[in-house]
Amino acid sequence: MSGTDATIQGQGAARWLPAVFVLPLGIVLALGFLWPLFDGTVNSFHPFTRAGIDRSTWTLENYAKLADSFYAGILWRTIRVSLIVTLLTAALAYPVALYIVGLSPRGQAFYLLIYMTPWLVNVVVKAFGWSLLLSANGVINQSLKALGIIETSMRLMLNETGIVIGLTHGHFIFVLLPLWAALSGLDPNLRWAAANLGARGWDIFRRVTLPLTLPALMAGLIINFTMNMTAFATPALLGGARARVVSFLAYEVNLVELNWPLGSAMAVAMLAISLLLIWLSLRTASFGSRRVRPEGASP
Amino acid sequence: MILRVFNWVMAAVMLAPLVLIVWMSFTPAAFFRLPTTEFSLRWYREAFNYPGFLNSFLLSLRLAGVSAAIATFLAFLAAYGLVRFRFPGKGALEAFFMSPLLVPGVVYGIAMLQFVNSLGLYNTFWALVLAHIAIVVPYALRPIHAQLRAVPEDLEWAARTLGATRTRTLLRVTFPICARGVLSGFLLAFLISFAEVTVVIFMTGPAYQTLPIRIYNYLTDQIDPTVAAISAMLIGLSLVLILILDRIGGLRPAAK
């Protein structure tokens, strides 16, 4: 990168010297990360028999099985719930981000830390906290009953509602943070110019602020959606077997049915989908950074 | 004005489940009934008297300590190689070192379950260590890499021209200068490892239940305030680690 790199080689350092530093980590990751993923992918192309995995024959039947109505139905629920969470998060995070950027640096840091706490607390602990609020005799149902608003408890968890609440809480920061960054990087002159040209509050938001922060919002939303799709502990504890999602099903297939070829096929499918989505999010974000920066304005 | 109230409500929702856990952990009743003003340490006593939780806590500490230490050591070497040398394929290698971030825990957990079984390492400590190193390496690598890039190379050259060997320079000059980045990397790696649920739940055997897994299994069975006491202590522990990280600037790249 700098000129000094060349000097190191100029001083006669051996060619293999960098390998001494990068190879240990490279080998550990190749053994403990790449190999297992490769191995699992290979398993997904073998048939499952009573005796275990039949490694002598190759098949696509595991992938074909994923299209069965039972599996496809659970995939559809997972997509639907993840999408609801993502849209809900967008609607809730935008006003919060708009308010926070107007605060003093201290205030911004304070609130960002508060919104970051769910990410910093263990996912199992969070689910437990929500079950105290949402369960049949949890705080919400107790309070509503005491106030005479409801007679019998509402079902707020062990169904899709529980998953939506838990995931919206847990993955909120991944939309808020990029949104906050985009909003605080916005040139205040743009809003001022729009106001000067006669635009009012809502118009400024709709025609100036929103379009300029849209790439950051989209990138955050895609990441949020990806994490919702592959979350395990939250949907397992707040949704359970009544509202199975793909990751929960993958747990049952791998550890209860012990059908590893099918389990691997599910893993490969999930990996492909999330890599595709992450790539999409990176593209959206880089598209945004190219467009938001006014030409000639960057130092 | 509306925005301000909305922000307060949202902030309250973010903290509500956590506040409730801490509150419940200090009440004597087996069920959480509002309003409650009584105070008791009963569930903390229960938590410490239940050997499962204590053993799992110690296992989690050991696992996070060992994997974070190994990951930080490997990440330091790798960061030094990546920052101080130029060689073909460097960009690809760096991307490879960060790639565990891209793979969902469920996917890696399934792969590790099958891999570890095929090697006969199922239900062993070192299988978990291997998985945790891969999971935490990106978190260790990032701050160390950033710190190494920020430190001028001149100091290392000064040591070399004064006759220090490369190894000696690395240990006595480079490492101390990067200590802050290394510490951030280690603490982040420790935090991530300690909190890992998904990968462990897929691949671990019955003999190695880390604390989050123990809580998970306990919750699928029953809910009583013993879990609240454990959870409250976990919240306290993350709070302490986060304050330390914030002090040494380890959270800054994440917040930007």
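All figures in this text were calculated on a predicted structure; none of them were measured in a lab.

A. Focus on the overall build of chain B. For chain B, the count of helices and strands is 13 helices and 0 strands. Along the chain direction, N to C, the helices and strands of chain B fall in the order α-α-α-α-α-α-α-α-α-α-α-α-α. Expressed along its principal axes, the backbone C-alpha trace of chain B runs to roughly 70 × 55 × 35 Å. Split into buried and exposed, the 256 residues of chain B put 46% on the buried side. Considering only contacts within chain B whose residues lie at least 6 apart along the sequence, 80% involve residues at least 24 apart.

B. Examining the interface of chain B and chain A more closely. In this assembly, 67 residues from chain B lie in contact with 67 residues from chain A. Among the elements of the structure, α1 (2-25), α3 (51-84), α4 (90-98), α5 (105-118), α6 (125-150), α10 (198-203), α11 (211-221) and α12 (225-247) of chain B are those that each provide at least two residues to the side of chain B that touches chain A. Broken down by element, the side of chain B that touches chain A gets its largest block of residues, 14 residues, from α1(B). Classifying every residue of the side of chain B that touches chain A by side-chain character gives 55 nonpolar, 8 polar and 4 charged.

C. Layout of the nonpolar core. Ranked by internal contacts, the top residues of the largest apolar core, which has 123 residues, are B:Ala75, B:Val137 and B:Ala140. Those residues within four positions of B:Ala140 in sequence are excluded, and the remaining contacts are B:Ala71, B:Thr72, B:Ala75, B:Gly185, B:Phe186, B:Leu188 and B:Ala189. Judged by nonpolar contacts, the second largest core, of 25 residues, contains A:Val96, A:Ala97, A:Ile100 and A:Leu217.

D. Inspection of the confidence of the model for chain B at higher detail. Residues and elements named next belong to chain B. Looking at chain B, the pLDDT average stands at 89 and 95% of residues meet or exceed 70. Within chain B, no element has a lower average pLDDT than helix α13 (residues 252-255), which sits at 46, and none a higher one than α5, at 96. Model confidence for the complex: the whole-complex pTM is 0.88, and ipTM, which rates the interface, is 0.89.

E. Geometry of the environment of B:Ile177. All names here are of chain B. As for its placement among the helices and strands, isoleucine 177 is situated in helix α8 (residues 166-177). Taking the C-beta count within 10 Å as the criterion, isoleucine 177 has 16 such neighbours and is therefore assigned partly exposed. In this structure, the C-alpha to C-alpha distance between isoleucine 177 and glutamine 147, residues 30 residues apart in sequence, is 8.6 Å. In this structure, isoleucine 177 is in contact with Val151 and Leu155, ignoring residues within four places of it in sequence.

F. Structural detail: the packing of helix α5 (residues 105-120) of chain A against helix α9 (residues 173-184) of chain A. Residues and elements named next belong to chain A. Relative orientation of the contacting elements α5 and α9 amounts to 150°, with a least axis distance of 9 Å. The orientation of α5 with respect to α9, classified from their angle, is roughly antiparallel. Considering the relative orientation of α5 and α9, their crossing is left-handed. Within the contact between the two elements, α5 uses Leu112, Tyr115, Met116, Pro118 and Trp119 and α9 uses Ile173, Leu176 and Trp180. Residue classes in the contact of α5 with α9 are distributed as 8 nonpolar, no polar and no charged.

G. Examining unusual backbone geometry more closely. All names here are of chain A. The phi torsion at leucine 258 lies on the positive side, around 55°, for a residue other than glycine. Take leucine 258: it is sitting in the loop between α13 (246-255) and α14 (260-292). Residue classification places leucine 258 among the exposed positions, given that 11 C-beta atoms sit within 10 Å.

H. Region of interest: helix α9 (residues 179-195) of chain B. For α9(B), built from 17 residues, the straight-helix expectation of 24 Å at 1.5 Å per residue is met to within 8% by its first-to-last C-alpha distance of 24 Å. Buried residues dominate α9(B), accounting for 14 of its 17 residues.

I. Representation of the environment of A:Ala241 within the structure. Here A:Ala241 lies in the loop between α12 (233-238) and α13. On a C-alpha basis, the gap between A:Ala241 and A:Asn159 in space is 8.7 Å, while along the polypeptide they are 82 residues apart.

J. Representation of helix α4 (residues 69-101) of chain A within the structure. With 33 residues, α4(A) ought to run about 48 Å at 1.5 Å a step, and its terminal C-alpha atoms sit 47 Å apart, in line with that. Remark: the principal bend of α4(A), roughly 25°, maps to A:Ala93, with a proline, A:Pro95, within the next four residues. Turning to α4(A), its buried residues are A:Leu75, A:Thr78, A:Val81, A:Ser82, A:Val85, A:Thr86, A:Thr89, A:Ala93, A:Val96, A:Ala97 and A:Ile100. Where α4(A) is buried, its residues contact α5, α8 (160-170), α9, α11 (201-230) and α13 of chain A together with α1 of chain B.

K. The arrangement of the environment of A:Leu87 in detail. With respect to the element layout, A:Leu87 can be found in helix α4. With 44 residues separating them in the primary sequence, A:Leu87 and A:Ser131 have C-alpha atoms 23 Å apart.

L. Structural detail: the packing of α3(B) against α9(B). All names here are of chain B. Their axes nearest at 8 Å, the elements α3 and α9 cross at an angle of 140°. Viewed along their axes, α3 and α9 adopt a mutual orientation that is oblique. Where α3 crosses over α9, the two elements pack in a sense that is right-handed. For the pair α3 and α9, the contacting residues are Ser60, Leu63, Ala64, Gly65, Ser67, Ala68, Ala71, Thr72, Ala75 and Phe76 in the first and Val182, Gly185, Phe186, Ala189, Phe190, Ser193 and Phe194 in the second.

M. Structural detail: the confidence of the model for chain A. Residues and elements named next belong to chain A. Averaged over all residues, the pLDDT of chain A equals 88, while 92% of them reach at least 70. Under a pLDDT of 50 for its full length, residues 1-11 has, in the predicted model, 6 contacts with residues more than four places off or in other chains. Residue range residues 292-299 is modelled with pLDDT below 50. Its contacts to residues more than four positions away, or to other chains, number 2 contacts.

Cut-offs applied
Residues numbered from 1 in each chain as written. Chains lettered and ligands numbered in written order. Predicted model: local features only at pLDDT ≥ 70, side-chain atom pairs only at ≥ 80, totals over all residues. Helix = DSSP H or I, 4+ residues; strand = E, 2+ residues; numbered from the N terminus. Buried ≥ 20, exposed ≤ 12 C-beta atoms within 10 Å, placed from the backbone. Contact = placed C-beta atoms within 7 Å. Nonpolar A, V, L, I, M, F, W, Y, C, P; charged D, E, K, R; others polar. Core = buried A, V, L, I, M, F, W, Y, C linked by C-beta atoms within 7 Å. pLDDT = per-residue confidence, 0-100. Axes fitted to C-alpha atoms, helices over the stretch in contact; angles between N-to-C directions. Parallel < 35°, antiparallel > 145°, perpendicular 65-115°, else oblique. Left-handed = near helix turned anticlockwise from the far one by under 90°. Expected span 1.5 Å × (residues − 1). Bend = angle between axes of the 7 residues up to and from the residue.

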